[in-house]
Amino acid sequence: FHARFPAISTRAWAIGLIIFCCLSALAVTQARTNEIVSDSSYFLSPAEKKAIDFLKKEKEGIVLVGERMGSMLSWTTPPRPLVAHGFLTVDFTQKEADLESFFSEETTLVQKMNILKKYDILYVYAGKDEVGETTLEQQGGFASLPLSLVFSAGNVFIYRVVSG
């Protein structure tokens, strides 16, 4: 080694290699961080965080919510999500289909009521994954459901199913 590069010591090469590796790791980490920050599935919005805080104070119950937020609620709040981690949710495919059906404007009032009763739903979580940038009130077929708005922040709404 010293015969080819007599002016550079082994120690200098080692230090140079360490600096190169650190700078490379920094560049890769920064690129990955930018990718993650641009994907909202990794992070909660302030409204979603407030919704979790609200549900932490509520009693037991089942929340009709999509998989992304259901996965968060499953380990942070007493109310259990109907749909959470796909591989941990019993009958995931059927529950996911019922969830999509519930939030569909084509589903009748009777069908929506049957979904609420089938799973004994206490809360309906309506966020961007469930209803997009609208509210249940803006979508058709929800006005006659026995739902009472109990939480609202940004584009996140939580309704309580009114029994009776």
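Calculation criteria
Residues numbered from 1 in each chain as written. Predicted model: local features only at pLDDT ≥ 70, side-chain atom pairs only at ≥ 80, totals over all residues. Heavy atoms only, no water. Phe/Tyr/Trp six-rings, centres within 6.5 Å; stacked < 30°, edge-to-face > 60°. Buried < 20%, exposed > 50% of the residue type's maximum accessible area, 1.4 Å probe, protein only. Pairing = 2+ DSSP bridges. Helix = DSSP H or I, 4+ residues; strand = E, 2+ residues; numbered from the N terminus. Arc of directions from axis to C-beta. Contact = heavy atoms within 4.5 Å. Salt bridge = Lys/Arg side-chain N within 4 Å of Asp/Glu carboxyl O.

(A) Quick peek at the packing of aromatic side chains. Throughout the structure, instances matching the rule amount to two aromatic pairs. Look at Phe 102 and Phe 103: their rings are 5.2 Å apart centre to centre, the planes differ by 90°, and that puts the pair in the edge-to-face class. We classify Phe 102 as buried; its relative accessible area is 0%. Residue classification places Phe 103 among the buried residues on the basis of a relative accessible area of 8%.

(B) Structural view of the pairing of strand E4 (residues 147-153). Both E4 and strand E5 (residues 156-161) contribute to a ladder of six bridges, which runs antiparallel. Looking at the pairing, Ser 152 lines up with Phe 157 of E5. The antiparallel hairpin formed by E4 and E5 contains two residues in its connecting segment, where Gly 154 sits at a positive phi of about 60°.

(C) Seen up close, helix H5 (residues 109-118). Residues of H5 that are buried include every one of Lys 112, Ile 115 and Leu 116, and no others. Along the axis of H5, the buried positions cluster into a sector of 100°, meaning they face one direction only. Exposed residues lying more than 90 degrees from the buried face of H5 are Val 110, Lys 117 and Lys 118. Tucked inside the fold, the buried residues of H5 contact helix H4 (92-103), strand E3 (123-126) and E5. Asp 120 occupies a position one or two residues after H5 and carries a positive phi of about 55°.

(D) Spatial organisation of the pairing of E3. Both faces of E3 are covered, namely the face carrying Tyr 123 and Tyr 125 and the face carrying Val 124 and Ala 126. With two bridges connecting them, strand E1 (residues 62-64) and E3 associate as parallel partners. Paired with Leu 64 across the two strands is Val 124, which belongs to E3. Of the pairings in the sheet, the one linking E3 to E5 comprises four bridges and is antiparallel in character.

(E) Looking closely at the pattern of salt bridges. A full pass over the atoms with the stated rule returns five salt bridges. Taking the shortest distance from any N to any O, the salt bridge between Arg 68 and Glu 48 comes out at 2.2 Å. Pair noted here: Arg 68 is in helix H3 (residues 67-73) and Glu 48 is in helix H2 (residues 46-56), with a separation of 20 residues, a long-range link. Here Arg 68 matches Glu 48 in class, with each residue buried. One network of salt bridges, in which partners are shared, links Glu 48, Arg 68 and Asp 129.

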